[in-house]
Every structure is written in structure tokens, then in C-alpha cells.
Amino acid sequence: MVYNIILMRVFFTILITTFFLLSSAFAAGDKNTFTGHYKNQIAFNLGQGINSGFIVPPPTQFVPFYLLGLQYSQPTTFFGLPARQTLGVNQTIGFGSKYGWHWRDYTIPMVMLSGDVRLSEYKDIYVAAGAGVGLQAQQNERLGAKLLFQFKIIGGWHINDKWALEIFMHHFSNANTAPENYSYAFYGMGVTYNF
């Protein structure tokens, strides 16, 4: 347990340091990393559930728990860095039991407001991180609150100026606003379309 806490602190120190170093090294330019010269973006995401309480879970302990997401985004900036603001609707879908959890009990819709900030970009490839807040339709014994907080890490590749593919890690938690806080975590892939 102590080893995990130390490892997480080291990881976040490296992440924050990398964020500031990379963000100062790359200029924002006239076009937004996420949307290019366009003002609107829609995306569809599909995620595979992970049984982990870590904010950045190891990609182990895959479970029969999935995330379907549809989001609408607009370009913005965050302290001069290219960013996007997003309204998203997610549906979790669970089946059966594994690792002591009844995943079908967590088939719940969610609505989220979030923002993503570009950390690094090279040609058609980019890395971003984001955070959000939202609500799930009902609380349960895994996440004992309707209020949710989200953390995400994204890697993207622009196919052309309108289409991009993204891989992601999403972590949903109630940030200890309730006694039960085992979180939801997903690794997945999405496709974005700019217009």
C-alpha cells in the first residue's frame, strides 16, 4: 500500500513536470490541436473496463464492463495552450460478475462537462490530459455518489484535417465525497470528426 502511494506521487510529479516543460516548448499556433481550423467536433468513444481504484490504473484485471460515449466539443485555450471544452454523454454497460463485483449493477448513464489540454504535439500526433465533472443517474456500492469527477489521458493521431483517432484512459471517481469510492476506469479508443 505504501509502495503504491509513493509510486503514484512520483508519477504525478513526473506528469506535472512534463506538462510544464512540454507546454512551454511548443507554440499554440493559429490552429487548435483538437479541431484544427474548425469550430465544432463530435466524437464517439468505446472503452474497456478495468478493475482498479488507481487514478491511472494498470491495464490489468479487465472486466465485463464497457463505456460508450458521445461527445460534442469546441476549441478553446487553457493558459495559452490549445484545449477543447466538451459536453459528453456516457453509458456504462456491465455483464456478469468478476473480482467480487456485479458489473451488471453498474449499467448507468452519465453526463459530463470536461476540458482537455494539449501537452505535446508532433506533426499529426498529440498527447493531452483532461478533467471533468458530471453526474451518474444513480449511486451504487462501487461509487456511492451521483457526483462524478473525471481524469483522462489521451493520445491522438490526425488522419486528416477532419478526422482523428484517439486512445484514452478515463478514470471516474467521486473524489471521496462518499464512503464508497472504488472508481470506474476504462482504456479505449475513439474517433473524432471536425466540422
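Report follows, based on the coordinates.

Reading the values: rules and limits
Residues numbered from 1 in each chain as written. Predicted model: local features only at pLDDT ≥ 70, side-chain atom pairs only at ≥ 80, totals over all residues. Heavy atoms only, no water. Salt bridge = Lys/Arg side-chain N within 4 Å of Asp/Glu carboxyl O. Helix = DSSP H or I, 4+ residues; strand = E, 2+ residues; numbered from the N terminus. Buried < 20%, exposed > 50% of the residue type's maximum accessible area, 1.4 Å probe, protein only. Polar contact = N/O pair within 3.5 Å; in protein donor to acceptor, adjacent residues only side chain to side chain. Contact = heavy atoms within 4.5 Å. Phe/Tyr/Trp six-rings, centres within 6.5 Å; stacked < 30°, edge-to-face > 60°. Pairing = 2+ DSSP bridges.

Counted under the stated rule, the structure contains four salt bridges. The salt bridge involving Asp 116 is made with Lys 152; its shortest N-O contact spans 3.1 Å. Of the two residues, Asp 116 is situated in strand E6 (residues 109-122) and Lys 152 in strand E8 (residues 147-158); the sequence distance between them amounts to 36 residues. Note on Lys 152: relative accessible area 2%, which makes it buried. Bridged by salt links that share partners, the residues Arg 84, Asp 116, Lys 152 and Glu 166 form one connected network.

Right, let's get into the side chain of Glu 166. Checked against the element boundaries, Glu 166 lands in strand E9 (residues 163-173). Given a relative accessible area of 4%, Glu 166 falls into the buried group. Here the side chain of Glu 166 touches Arg 84 through a polar contact of 3.1 Å, side chain to side chain. One polar contact links Glu 166 to Tyr 126, side chain to side chain, over a distance of 2.6 Å. Those residues in contact with Glu 166 that sit more than four places away from it in its chain are Phe 34, Arg 84, Tyr 126, Ile 154, Gly 155, Gly 156, Gly 188, Met 189, Gly 190 and Thr 192.

What the rule picks out here adds up to 14 aromatic pairs. For the pair Trp 163 and Tyr 193, a centre-to-centre distance of 4.7 Å together with 50° between the ring planes defines the contact as tilted. One end of the pair, Trp 163, is in strand E9; the other, Tyr 193, is in strand E10 (residues 184-194), with 30 residues separating them in the sequence. In this structure Trp 163 comes out as partly exposed when scored by relative accessible area, which is 39%. In this structure Tyr 193 comes out as partly exposed when scored by relative accessible area, which is 25%. By the ring-pair criterion, three or more aromatic residues cluster together here, those being Phe 65, Trp 101, Trp 103, Tyr 106, Phe 172, Tyr 182, Tyr 184 and Phe 186.

Here nine bridges tie strand E3 (residues 81-94) to E6, and the two strands are oriented antiparallel to one another. In the sheet register, Arg 84 faces E6, and the bridge partner there is Asp 116. Of the strand pairs in this sheet, E6 and strand E7 (residues 125-136) are connected by twelve bridges, and their pairing is antiparallel. Along E7, the bridge assignment pairs Leu 113 with Val 133.

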